[in-house]
Amino acid sequence: MAVAGERPGRPAGPGRGEEPFSPSVLGTREHWDAAYERELQTFQDIGDAGEIWFGEESMVRIIRWLEKQKVPLDSSVLDIGTGNGVLLIELAKSGYVNLTGIDYSPPAIQLSEKVREKEGMSNIKLKVEDFLAPSAELSGFEICIDKGTFDAISLNPDNAVRKRKQYVRSLCSVLKPEGFFLITSCNWTKEELLNEFREGFEILEELPTPKFCFGGRIGNSVTALVFQRKKVRPSSLDKLD
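Predicted model, so just to flag it, every value in this text is computed and none were measured.

Engineer: Honestly, the nonpolar core in this entry has me stumped. Any pointers?
Structural biologist: The tendency in soluble globular proteins is for nonpolar side chains to be buried side by side. Leu66, Leu91, Leu99, Ile124 and Ile143 are the most contacted members of the largest nonpolar core, which has 36 residues in total. If you list the elements that add at least two residues to this core, you get helix H1 (29-46), helix H2 (56-68), helix H3 (86-93), helix H4 (106-119), strand S4 (141-147), strand S5 (175-185) and strand S9 (223-229). The element best represented in this core is H3, accounting for 6 residues. Setting aside residues up to four positions removed in sequence, Leu66 forms contacts with Val71, Leu91, Tyr96 and Ile143. Counting residues in each nonpolar core, the second largest holds 25 residues, with Leu78, Ile80, Ile102 and Ile183 among its members.

Below, the structure written as structure tokens:
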């Protein structure tokens, strides 16, 4: 755990530069391919879908926010880095009908397809896709959700700074103007995420997450924010010409 403003495995304080995290295998595709191959085998053996990132409460938090905002059930939703696809299953059980999950790991999509089949949720769309190089058809979403994918990208040993910037560009290309982006992170503080997504997004809300007290200081081990993509201004379009 870390006190708000600090995270383990990273230098703290001013002057740490643009690389806030130490590179890790958790940021590599090879790691996730191997992890999901194991989870796929486990699912085939005993029917266990595997780990739920940030726990079940993280899914409840997202669904409650969507319901509170009265987001229409036919809104197009993209789960970025869907993993085992369990979040999409819970969204479908809550009545959402236009759901898509992507993951750059083929074993992850194989696992999520097995889970989808077991739950009888054939309307959920799943595909192998790298969010940092989105296909042309991956666009027009009204809701984008990230539970840990931006965290993993931030740990990539191969130029994580460039990949984080590409993530923001990809998000701008797949999310409609005024669309919502819900992100859950265990690596980034609220202030840091506001900085990372300052171009093209504005903060709407910080969702409540469990707090802890250590040494007289109160902090969060998880940060959950809702952003809204800004309207595209004509001047911004002119710059693209």
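More follows now that the structure is in view.
Engineer: What is the right way to read the sheet that holds S5 from this model?
Structural biologist: Either a parallel or an antiparallel arrangement is found when strands of a sheet pair, and the pairing is made through backbone hydrogen bonds. Taken in spatial order, the 7 strands line up as S3-S2-S1-S4-S5-S9-S6 in an open sheet, and their pairing is mixed. Both edges of this open sheet fall to strand S3 (125-128) and strand S6 (201-206), since each of them pairs with a single strand only. Averaged over all adjacent pairs, the angle separating strand axes in this sheet is 20 degrees, with direction ignored. The sheet contact formed by strand S2 (residues 99-103) and S3 spans 4 bridges and is parallel. When the bridges of S3 are listed, Gly101 appears paired with Leu126. H2 rests against S4, S5, S6 and S9 of the sheet, and its axis sits at about 160 degrees to S4.

Engineer: Looking at this structure, I do not really get the pattern of salt bridges. What am I missing?
Structural biologist: This model, assessed by the stated rule, comprises 9 salt bridges. Here Lys93 makes a salt bridge to Glu90, at a shortest N to O gap of 3.8 Å. Taken together, the positions of Lys93 and Glu90, both in helix H3 and 3 residues apart, correspond to about one turn of that helix. By relative accessible area, which is 48% here, Lys93 ends up partly exposed. Glu90 sits in the partly exposed class, given a relative accessible area of 26%. Close ionic contact of Lys127 with Glu129 constitutes a salt bridge, the shortest N to O distance being 3.3 Å. A relative accessible area of 25% places Lys127 in the partly exposed class. The buried category is assigned to Glu129, whose relative accessible area is 8%. Within this structure, Glu90, Lys93 and Glu119 form a network of salt bridges that share partners.

Engineer: Help me out: how do you make sense of the side chain of Asp151 in this one?
Structural biologist: If you trace the backbone, Asp151 turns up in helix H5 (residues 149-153). Within the structure, Asp151 has its side chain in polar contact with the backbone nitrogen of Cys186 (distance 2.9 Å). Asp151 has contacts with Phe54, Thr184, Ser185, Cys186, Asn187 and Trp188, leaving out every residue within four places of it along the chain.

Engineer: Help me understand the environment of Phe180 in this model?
Structural biologist: Secondary-structure assignment places Phe180 in strand S5. By relative accessible area, which is 19% here, Phe180 ends up buried. Excluding its chain neighbours within four sequence positions, the residues that come into contact with Phe180 are Trp65, Glu142, Ile143, Cys144, Leu175, Leu204, Phe227 and Gln228.

Definitions and cut-offs
Residues numbered from 1 in each chain as written. Predicted model: local features only at pLDDT ≥ 70, side-chain atom pairs only at ≥ 80, totals over all residues. Heavy atoms only, no water. Core = buried A, V, L, I, M, F, W, Y, C linked by side-chain atoms within 4.5 Å. Buried < 20%, exposed > 50% of the residue type's maximum accessible area, 1.4 Å probe, protein only. Helix = DSSP H or I, 4+ residues; strand = E, 2+ residues; numbered from the N terminus. Contact = heavy atoms within 4.5 Å. Pairing = 2+ DSSP bridges. Axes fitted to C-alpha atoms, helices over the stretch in contact; angles between N-to-C directions. Salt bridge = Lys/Arg side-chain N within 4 Å of Asp/Glu carboxyl O. Polar contact = N/O pair within 3.5 Å; in protein donor to acceptor, adjacent residues only side chain to side chain.

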